[in-house]
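Chains, contacts and geometry: an overview
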Amino acid sequence: QVQLVESGGGLVQPGGSLRLSCAASGSIFSIGDMGWSRQAPGKQREWVAAITSGDSTNYADSVKGRFTISRDNAKNTVYLQMNSLKPEDTAVFYCNADIRRYNGPALRYWGQGTQVTVSS
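Now for a description of the structure that goes with this document. (Residues numbered from 1 in each chain as written. Predicted model: local features only at pLDDT ≥ 70, side-chain atom pairs only at ≥ 80, totals over all residues. Heavy atoms only, no water.)

1. Observations regarding the nonpolar core
Trp36, Leu80, Met82, Phe93 and Ile99 are the most contacted members of the largest nonpolar core, which has 32 residues in total. If you list the elements that add at least two residues to this core, you get β1 (2-7), β3 (18-26), β4 (28-39), β5 (46-51), β7 (67-72), β8 (77-82), β9 (91-101) and β11 (114-118). In terms of residue count, the dominant contributor to this core is β9 (5 residues). Leu80 has contacts with Leu18, Arg19, Leu20, Trp36, Val48, Ala49, Phe67, Thr68, Ile69 and Phe93, leaving out every residue within four places of it along the chain. (Core = buried A, V, L, I, M, F, W, Y, C linked by side-chain atoms within 4.5 Å. Buried < 20%, exposed > 50% of the residue type's maximum accessible area, 1.4 Å probe, protein only. Helix = DSSP H or I, 4+ residues; strand = E, 2+ residues; numbered from the N terminus. Contact = heavy atoms within 4.5 Å.)

This is the structure we're talking about:
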């Protein structure tokens, strides 16, 4: 079994910062691309950021310059540092990872989601 467990969400004032973490566990042979998406109330899920196994990164225009994605391969963990948060960043944030188990092909796994609320 493979699990992705997110943490670090919460309530923050506009202009504040949060750091999300997402740790993968289980029978993992290797991890490729990792990333974050979010879904605001009443809206479709939106891609936010991605990082390759070689640490190349990409960001949605809406978060570029404010969010930073990183990873710690030794800990099978991906992070999302969020600065200058705005009320429109309020959403449930989901991490994803392309994971190859010891006995199969690479599959995309998703975390359960963590709530981020930006409000004064």
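2. Describing the state of the cysteines
As enumerated under the stated definition, the model contains 1 disulfide in all. Disulfide partner of Cys22: Cys95, at an S-S distance of 1.9 Å. With the S-S dihedral at roughly 50°, the linkage between Cys22 and Cys95 falls on the right-handed side. Of the two residues, Cys22 is situated in strand β3 and Cys95 in strand β9; the sequence distance between them amounts to 73 residues. As far as the burial class goes, Cys22 and Cys95 line up, both buried. (Disulfide = S-S within 2.5 Å.)

3. A look at the pairing of β11
Alternating positions in β11 separate cleanly, Thr114, Val116 and Val118 being buried on one face and Gln115 and Thr117 remaining unburied on the opposite face. Strand direction decides the pairing type here: strand β2 (residues 10-12) and β11, joined by 3 bridges, are parallel. Following the sheet pairing, Leu11 is matched in β11 by Thr117. Note that β9 and β11 share 3 bridges and pair antiparallel. (Pairing = 2+ DSSP bridges.)

4. A word on the pattern of salt bridges
Counted under the stated rule, the structure contains 5 salt bridges. For Arg66, the salt bridge goes to Asp89, with nearest N and O atoms at 2.8 Å. Taken together, the residues span a long stretch of sequence, with Arg66 in the loop between β6 (57-59) and β7 and Asp89 in the loop between β8 and β9 at a distance of 23 residues. Taking the relative accessible area as the measure of exposure, Arg66 reaches 11% and is therefore buried. Since its relative accessible area comes to 1%, Asp89 is described here as buried. Ionic contacts of the salt-bridge type, sharing partners, join the residues Arg38, Glu46, Arg66 and Asp89 into one network. (Salt bridge = Lys/Arg side-chain N within 4 Å of Asp/Glu carboxyl O.)

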